[in-house]
Protein chains: 2
Amino acid sequence: MGNTDLDFTSISNNNNAVEYCAQRVAIPPPQPFLKSLKSSLKETFFPDDPFRQFKNQPPSRKLVLGLQYFLPILEWAPRYTFQYFKADLIAGITIASLAIPQGISYAKLANLPPIYGLYSSFVPPLVYAMMGSSRDLAVGTVAVASLLTASMLGNEVNASQNPKLYLHLAFTATFFAGVFQAALGFLRLGFIVDFLSHATIVGFMAGAATVVCLQQLKGILGLEHFTHGTDIVSVMRSVFSQTHQWRWESAVLGCCFLFFLTLTRYISKKRPKLFWISAMAPLTSVILGSLLVYLTHAEKHGVQVIGQLKKGLNPPSLSDLAFGSPYLMTAVKTGIITGVIALAEGIAVGRSFAMFKNYNIDGNKEMIAFGMMNIAGSCTSCYLTTGPFSRSAVNFNAGCKTAVSNIVMATAVMITLLFLTPLFHYTPLVVLSSIIISAMLGLIDYGAAYHLWKVDKFDFIVCMSAFIGVVFGSVEIGLVIAVAISMLRLLLFVTRPRTYVLGNIPNSMTYRSVDQYPVAASVPGVLILQVDAPIYFANASYLRERISRWMDEEEDKLKSSGEATLQYVILDMSAVGSIDTSGITMLEEVKKNVDRRALKLVLANPGGEVMVKLDKSKFIESIGREWIYLTVGDAVEACNFMLHSCKSSSGPTKIKSDVAQDNNV
Amino acid sequence: MGNTDLDFTSISNNNNAVEYCAQRVAIPPPQPFLKSLKSSLKETFFPDDPFRQFKNQPPSRKLVLGLQYFLPILEWAPRYTFQYFKADLIAGITIASLAIPQGISYAKLANLPPIYGLYSSFVPPLVYAMMGSSRDLAVGTVAVASLLTASMLGNEVNASQNPKLYLHLAFTATFFAGVFQAALGFLRLGFIVDFLSHATIVGFMAGAATVVCLQQLKGILGLEHFTHGTDIVSVMRSVFSQTHQWRWESAVLGCCFLFFLTLTRYISKKRPKLFWISAMAPLTSVILGSLLVYLTHAEKHGVQVIGQLKKGLNPPSLSDLAFGSPYLMTAVKTGIITGVIALAEGIAVGRSFAMFKNYNIDGNKEMIAFGMMNIAGSCTSCYLTTGPFSRSAVNFNAGCKTAVSNIVMATAVMITLLFLTPLFHYTPLVVLSSIIISAMLGLIDYGAAYHLWKVDKFDFIVCMSAFIGVVFGSVEIGLVIAVAISMLRLLLFVTRPRTYVLGNIPNSMTYRSVDQYPVAASVPGVLILQVDAPIYFANASYLRERISRWMDEEEDKLKSSGEATLQYVILDMSAVGSIDTSGITMLEEVKKNVDRRALKLVLANPGGEVMVKLDKSKFIESIGREWIYLTVGDAVEACNFMLHSCKSSSGPTKIKSDVAQDNNV
């Protein structure tokens, strides 16, 4: 091969007045195995570099920073001012007025006694206020996790026949959700939540909201018996099989309140300053509804009411955790699934508001906070809590400054628990259903789905399959389908990477895809291909076939047009981020194939990792160091130089005999 | 933003004597949804474009081509010459001498009566000769699939207690293997085989070879009872718990033959022209061993022999297929797993030899051929066959020209079945064990494992986990672990893509990673980052954090060195092959973050698909079309121009006020 080892550094191209000094493609300096292992582990688990602030600090300072890491309240409390408190007080009272009716409603959705919804709005917000790093998150129960708890536990234990066991399993599930969330945070595995893509969440939320609304038909129509299934088919069958049981009083009341709530939401949406109208509406509905029932004695005419609520704070429930129960595995499974979904919502919400207010949320730290809050909750008669979007948005709009608004809310709930529970005796269930439906309608984001369809059809498919899976199957089925399709997409990207033919952008040394830039002109005698993904075992065979087909097509085209024959194949490796041994074998096979056609293979711009591996596997030796260029432009220039000097001398024969020698080896 | 919309096309940089005419980054022309769907389906399932030769042909020619597609013999038979036949005859006889003893040995390994090994070397090669497209593949049974059949079926049915049911299940498994293989071919799903990476196969084969050798301790030591487990622990326990049963006569005979076989292999390896020595050695061993036993009556002194073999050709076995059996699912599972492994070996072997001889193998067509061959085999008392490497290598070395060598081999086996089976009566089992061990030792490829370690540590881990899984667990466990780790690697690549800081290669407009090119110089005031993977939901959060960290580090560095402050962040998108809606959201967040720091975000060279999506999602509008450049060089030049003109005029304020406006929106 020595013959072709010309020094291209001295070539000067006359078309462009460029004097370029071709830099060889570098092989990065070798790194010790342990060092590179350490750095890649760090990138995988500590991409946010949480230890940076601990560097070069005295031990006492490190201790303080460590405490502040786990209890952010220690960091901001000393700087807390009365100004802040005024803002937090208003925000806290506003969210309490939303939290109390929502807490009762969602507890009903989870098939738990309503009082547990209030308990869950007391302890967890206090824990979060100490440990959480978001300033805008308002803690509480959420509809989707409540529904999931009801459907997953309800499959095993009937809540109305065996309420005590069901309640204990709900605490146990909450405990495991907390443990799982905290473990994800401690083990820095927060990226698992990332596998719920935006598209999945849009579809999943819309589906869950639909399902939750369907469940409310029970309350609205005043039905006593209802299906345990959550899919639309079972619910519709259940509703229409008992038309004679429908209660018109209940339905009329429900529709009125729903209209009222939707109207207030609409007003607040149009004028964000009037956010308090929709924030106060649920409590107003509860008060109005209760008064109405109390005055008209409607509870005796088919309107179901909440009934007796026990006075007093959260009773301890540590001894209720059912670790020995035969249903333990169900509780663990429920805990893990609801825990992940609650995390996904909570972290997404926290991150969105942090983005608005320009501060940072550490995902893993938040997971630890959520986990601790749920573990503490499970020991104090609370079920799963997270940071719901609706409540946090109200908190944000009400001008909260710090997590103190959560403390204010918890205090308001405490006062309710201690003194005001008898007031809810006459609250009609249908008002709670209206509150849930009105909250759920806000979760169906048609706009986002349309945006997905417009921008990315595949994301739309993921979104719709999550939606359809949830509505027609179950919440879990929808989730599993959507995650599976999302993963399939990742794998498909790697298994079927795109390859592009590049052409020269006029008056430049730049080469770009001829599909994207119709002005790009192909170079006679040279086929330039770009591979758009890492070359791995999963795509090596495909790329071999595809590159071979490109060469066939190019040769056919040139033959039919009678132009110059193909002489060089340049592979642009800029986008090949990584390669494995199957990929190197593929390149070796491509080289054999290219040689067999009496062409020459040239590489352009392989990256650092790729160069290291090509070097170690001796592929660089086999292709020849002089056939690897820093840019496609350099490679084309060298090829052109060879082509022209070959035409005038005995060049081509020399190259072909070289190739023939290669073949014989 | 109109203020900053300068026309950079007229900028000329004085440092480089380049007159460049900046071409705008193009958005590829929009494609109708159905057309792009069709083209991506075509790339996914027909990357090799099998219909190309059918284009523009009359219907009669299409029919002929179609027939030739499924029966390649129709294509090459008319061109067959006597010259070819002479070569094929020699090759066929050579592989027959290997096939007969190997067939008997592997049938024993599969716990089937030895005669079924001979049956399996008769019908399948004939089918393959008509349908296969490889000229060098020699068809027969293989050790790994035989062992897998024995271990998977043996878990359910004891072959010695219920031989008939076991046999029928083996046929049924073969039938389903054939159906599965043919279905993969018809459905163009051949890429599933690609998920067995080279590293997986090296480790898996070495593990399987070790396990098979361990199983032969039964034959070598002349043991009557043996464990059904295949893992090293069970086998060792079984061997050493019955030391009093060891037969020294058997062991001595076994070691002698093993030495002989290994020696012949060594000779043939050193001198490829003497390939026939190792090819003939197994048959020679069988003849020598049988003679020895016959003359010394060793069968009465603890040397087990094959015994009676039935004369006659394959009996039909269609009615034996146990579709109604309660073990049907076991048979289906066994069929699918052994079928995939057999395919992987057969296709890899066919492709390797085709590469040598410069012809093409169509993977999907080969799958159909393998499938048909096994379906036909399952109806004629054969069990799973494929193209084993050892036999095909002998075929290749013996100078075969076409698949006629398979027909010659089948004829030789037919003659054996019709007339010569009584000759195997005194063949000692220990000779068969030696033949298997000697063949298996060749499958343990230390060199390849060392190469993996040297080139790619991750591939080495995959390889070793396959090996350890097979040896200490079971064949299936090893396979599942290795495939899972390989997939994890793909996902890890996407979830944790690398980001590089780029610098300017001196005297050029080229920007490359400063890690790879230490000469690359950073540009003052400009941070250039390259993202090395598609931006998907799975890595969007990570990239947001990582880019933010790069900016922090750069700002810290500049602050401590007192240099110019950071003004521009350029994202080089060359290697971002694709983006989804989560990725676009991430870019929007990065833009907000950059704006908040009063910096300016600039994109360089986004690809076609990325541009389409950025356009549809209005991100291009939000960043400003004038901040997207064709190359990093253009982007840096524009930034430099802005920096310098800003210094001399009131520029910076203008930019900052622009940013401030953005923030307020």
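All of these numbers come straight from a predicted model, not from anything done at the bench.

Asks: Which parts of the structure should I look at to understand the overall build of chain A?
Replies: Along chain A, the regular secondary structure elements total 26 helices and six strands. Relative to the 2.2 N^0.38 estimate, which gives 26 Å for 665 residues, the radius of gyration of chain A is 33 Å and therefore markedly larger than a compact globule would have. Projecting the C-alpha coordinates of chain A onto the three principal axes gives extents of approximately 110 × 65 × 55 Å. Burial analysis of chain A (665 residues in total) assigns 51% to the buried set. Sequence-distant contacts, at least 24 apart, represent 81% of the contacts inside chain A between residues at least 6 apart.

Asks: Looking at this structure, how should I read the domain arrangement of chain A?
Replies: The extent of an interface is frequently quoted as the accessible surface area lost upon association of the parts. In terms of domains, chain A is made up of domain 1 (80-294 + 301-310 + 332-488) and domain 2 (497-643). Placing a centre on the C-alpha atoms of domain 1 of chain A and another on those of domain 2 of chain A gives a separation of 55 Å.

Asks: Explain unusual backbone geometry here, please?
Replies: Among all residues save glycine, negative phi is the norm, and among peptide bonds the norm is trans. Positive phi is not limited to glycine here, since A:Asn605 has a value of about 55 degrees. By the element assignment, A:Asn605 lies in the loop between strand E5 (600-604) and helix H23 (608-616).

Asks: Looking at this model, I keep getting lost on the sheet that holds strand E2 (residues 511-513) of chain A. Mind explaining?
Replies: Strand pairing in a sheet relies on backbone hydrogen bonds. The paired strands run either parallel or antiparallel. Residues and elements named next belong to chain A. Sheet architecture is open: six strands sit in the order E2-E1-E3-E4-E5-E6, paired in mixed fashion. Across the chains shown, the open sheet's two edge strands, defined by having one partner strand only, are E2 and strand E6 (628-629). Across the sheet, helix H21 (residues 537-561) touches strand E1 (499-504), strand E3 (526-531) and strand E4 (568-572), and the angle it forms with E3 is around 155 degrees.

Asks: Before we go on, may I ask you to explain the interface of chain A and chain B in this structure?
Replies: Taken together, the 74 residues of chain A in the interface contact 74 residues of chain B. Of all the secondary-structure elements, those providing two or more residues to the side of chain A that touches chain B are helix H1 (33-45), helix H9 (198-220), helix H18 (446-455), helix H19 (457-473), helix H20 (475-495), H21, helix H22 (581-596) and H23 of chain A. Looking at side-chain class alone, the side of chain A that touches chain B contains 30 nonpolar, 23 polar and 21 charged residues.

Asks: Whenever I open this one, helix H19 (residues 446-455) of chain B confuses me. Can you help?
Replies: Each α-helix winds once per 3.6 residues, and so residues spaced three or four apart point in a common direction. Inspection of H19(B) places B:His451, B:Leu452 and B:Val455 among the buried residues, and these make up the whole buried set. Summarising the axial view, the buried residues of H19(B) lie within an arc of 100 degrees, below the 170-degree limit, and thus occupy one face. Facing away from the buried side of H19(B), by more than 90 degrees, are the exposed residues B:Tyr446 and B:Tyr450. Elements in contact with the buried residues of H19(B): H22 and H23 of chain A together with helix H9 (198-215) and helix H20 (457-473) of chain B.

Asks: Even after reading the chapter, I still don't get the relation of the copies chain A and chain B, so can you show me in this structure?
Replies: Relating one copy of the chain to the other takes a rotation about an axis and a shift parallel to that axis. The two copies are related by a screw operation: chain A maps onto chain B through 180 degrees of rotation and 0.0 Å of translation along the axis, at an RMSD of 0.0 Å. When the rotation and shift are considered jointly, the pair of chain copies conforms to a two-fold rotation axis. Taking the C-alpha atom as reference, chain A places A:Ala575 closest to the rotation axis, 2.0 Å from it. Both copies share a contact surface, since 100% of the interface residues of chain A are interface residues in chain B too.

Asks: Please explain the sheet that holds strand E4 (residues 568-572) of chain B as it appears in this structure.
Replies: Residues and elements named next belong to chain B. Spatial strand order, E2-E1-E3-E4-E5-E6: six strands in an open sheet with mixed pairing. What marks the edges here is a single partner per strand, and that holds for strand E2 (511-513) and strand E6 (628-629). Inspection of the sheet shows strand E1 (residues 499-504) paired to strand E3 (residues 526-531) by three bridges, in the antiparallel sense. From the neighbouring strand, Val501 faces E3, where its bridge partner is Leu529.

Asks: Can you help me understand the nonpolar core in this one?
Replies: Most often, soluble globular proteins have nonpolar side chains that are buried together. A:Ile570, A:Val602, B:Ile570 and B:Val602 are the most contacted members of the largest nonpolar core, which totals 392 residues. Ranked by residue count, the leading element in this core is H9(A), at 13 residues. With residues near it in sequence (within four places) discarded, B:Ile570 still touches B:Val526, B:Ile528, B:Val602, B:Ala604, B:Val632, B:Ala635 and B:Val636.

Asks: Explanation requested: the packing of helix H4 (residues 82-109) of chain A against helix H15 (residues 389-397) of chain A in the structure shown.
Replies: The description of two packed helices rests on the angle between their axes and on the distance between the axes. All names here are of chain A. Remark: H4 packs on H15, axes separated minimally by 8 Å, with the N-to-C direction vectors making an angle of 155 degrees. In terms of their interaxial angle, H4 and H15 are classed as roughly antiparallel. The chirality of how H4 crosses H15 is right-handed. Residue-level contacts link Ala91, Thr94, Ile95, Leu98 and Ala99 of H4 to Arg391, Val394 and Asn395 of H15. Classifying every residue of the contact of H4 with H15 by side-chain character gives five nonpolar, two polar and one charged.

Asks: Explain the pairing of E4(A) to me, please; I cannot follow it from the model alone.
Replies: Regular strands show a simple pattern: their side chains alternate between the two faces of the sheet. Residue and element names in this part refer to chain A. Where burial is concerned, most of E4 is hidden: five out of the five residues are buried. By the alternation rule, side chains of E4 split into Tyr568, Ile570 and Asp572 and Val569 and Leu571, which are all buried. As paired elements, E3 and E4 share five bridges and run parallel to each other. Each residue of the ladder has a partner; that of Val526, found in E4, is Tyr568. Note that E4 and E5 share five bridges and pair parallel.

Asks: Just to check I follow, could you spell out the pairing of E1(A) for this structure?
Replies: The element E1(A) is extensively covered by neighbouring structure, given that five of its six residues are classed as buried. Connecting E1(A) to the next strand, E2(A), in antiparallel fashion are six residues, including A:Asn507 with a positive phi near 60 degrees.

Asks: So what exactly am I meant to see when it comes to the environment of B:Glu249 here?
Replies: Residue and element names in this part refer to chain B. Tracing the chain through its elements places Glu249 in helix H12 (residues 248-270). Here Glu249 falls in the partly exposed class, since 15 other C-beta atoms lie within 10 Å of it. Through-space distance from the C-alpha of Glu249 to that of Leu221 is 8.6 Å; in sequence the pair is 28 residues apart. Not counting the four nearest positions on each side in its chain, Glu249 is found in contact with Ala298, His301, Gly302 and Val303.

Asks: Can you help me understand the environment of A:Ser160 in this one?
Replies: With respect to the secondary-structure elements, A:Ser160 resides in the loop between helix H7 (143-154) and helix H8 (163-186). In the structure, A:Ser160 is positioned 45 residues away from A:Ile115 in sequence and 16 Å away in space, judged by C-alpha atoms.

Asks: Mind showing me how you'd approach the environment of A:Val332 here?
Replies: All names here are of chain A. Here Val332 lies in helix H13 (residues 328-357). Accessibility expressed as a C-beta count within 10 Å gives 17 for Val332, which makes it partly exposed. Sequence separation of Val332 and Ala177 is 155 residues, and the distance between their C-alpha atoms is 7.7 Å.

Asks: Which parts of the structure should I look at to understand the confidence of the model for chain A?
Replies: Close reading of the predicted structure is inappropriate where its pLDDT is low. Residue and element names in this part refer to chain A. Mean pLDDT over chain A works out to 84, with 93% of the residues at or above the 70 mark. Least confident of the elements in chain A is helix H26 (residues 651-664), whose mean pLDDT is 39; most confident is helix H6 (residues 123-131), at 94. Predicted confidence is poor over residues 1-21, with pLDDT under 50, and the contacts of this stretch with residues over four places away or in other chains come to 22 contacts. Segment residues 649-665 is flagged for pLDDT under 50; beyond a separation of four residues in sequence, or across chains, it makes 17 contacts in the model. With a pTM of 0.79, the predicted complex shows an ipTM of 0.81.

Asks: I keep staring at the packing of H9(A) against H20(A) and nothing clicks. Help me out?
Replies: All names here are of chain A. For the pair H9 and H20, interaxial distance at closest approach is 10 Å and the crossing angle is 165 degrees. Compared by their axis directions, H9 and H20 come out roughly antiparallel. Every pair of crossing elements has a handedness; the one defined by H9 and H20 is right-handed. Contacts between H9 and H20 pair Thr200, Gly203, Phe204, Gly207, Ala208 and Val211 from the former with Val475, Gly478, Leu479, Ala482, Val483 and Ser486 from the latter. Taken together, the residues of the contact of H9 with H20 sort by class into seven nonpolar, five polar and no charged.

Cut-offs and rules
Residues numbered from 1 in each chain as written. Chains lettered and ligands numbered in written order. Predicted model: local features only at pLDDT ≥ 70, side-chain atom pairs only at ≥ 80, totals over all residues. Helix = DSSP H or I, 4+ residues; strand = E, 2+ residues; numbered from the N terminus. Rg over C-alpha atoms; globule rule 2.2 N^0.38 Å. Buried ≥ 20, exposed ≤ 12 C-beta atoms within 10 Å, placed from the backbone. Contact = placed C-beta atoms within 7 Å. Domains from an automatic or database assignment. Pairing = 2+ DSSP bridges. Axes fitted to C-alpha atoms, helices over the stretch in contact; angles between N-to-C directions. Nonpolar A, V, L, I, M, F, W, Y, C, P; charged D, E, K, R; others polar. Arc of directions from axis to C-beta. Least-squares fit on C-alpha atoms with pLDDT ≥ 70 in both. Core = buried A, V, L, I, M, F, W, Y, C linked by C-beta atoms within 7 Å. Parallel < 35°, antiparallel > 145°, perpendicular 65-115°, else oblique. Left-handed = near helix turned anticlockwise from the far one by under 90°. pLDDT = per-residue confidence, 0-100.

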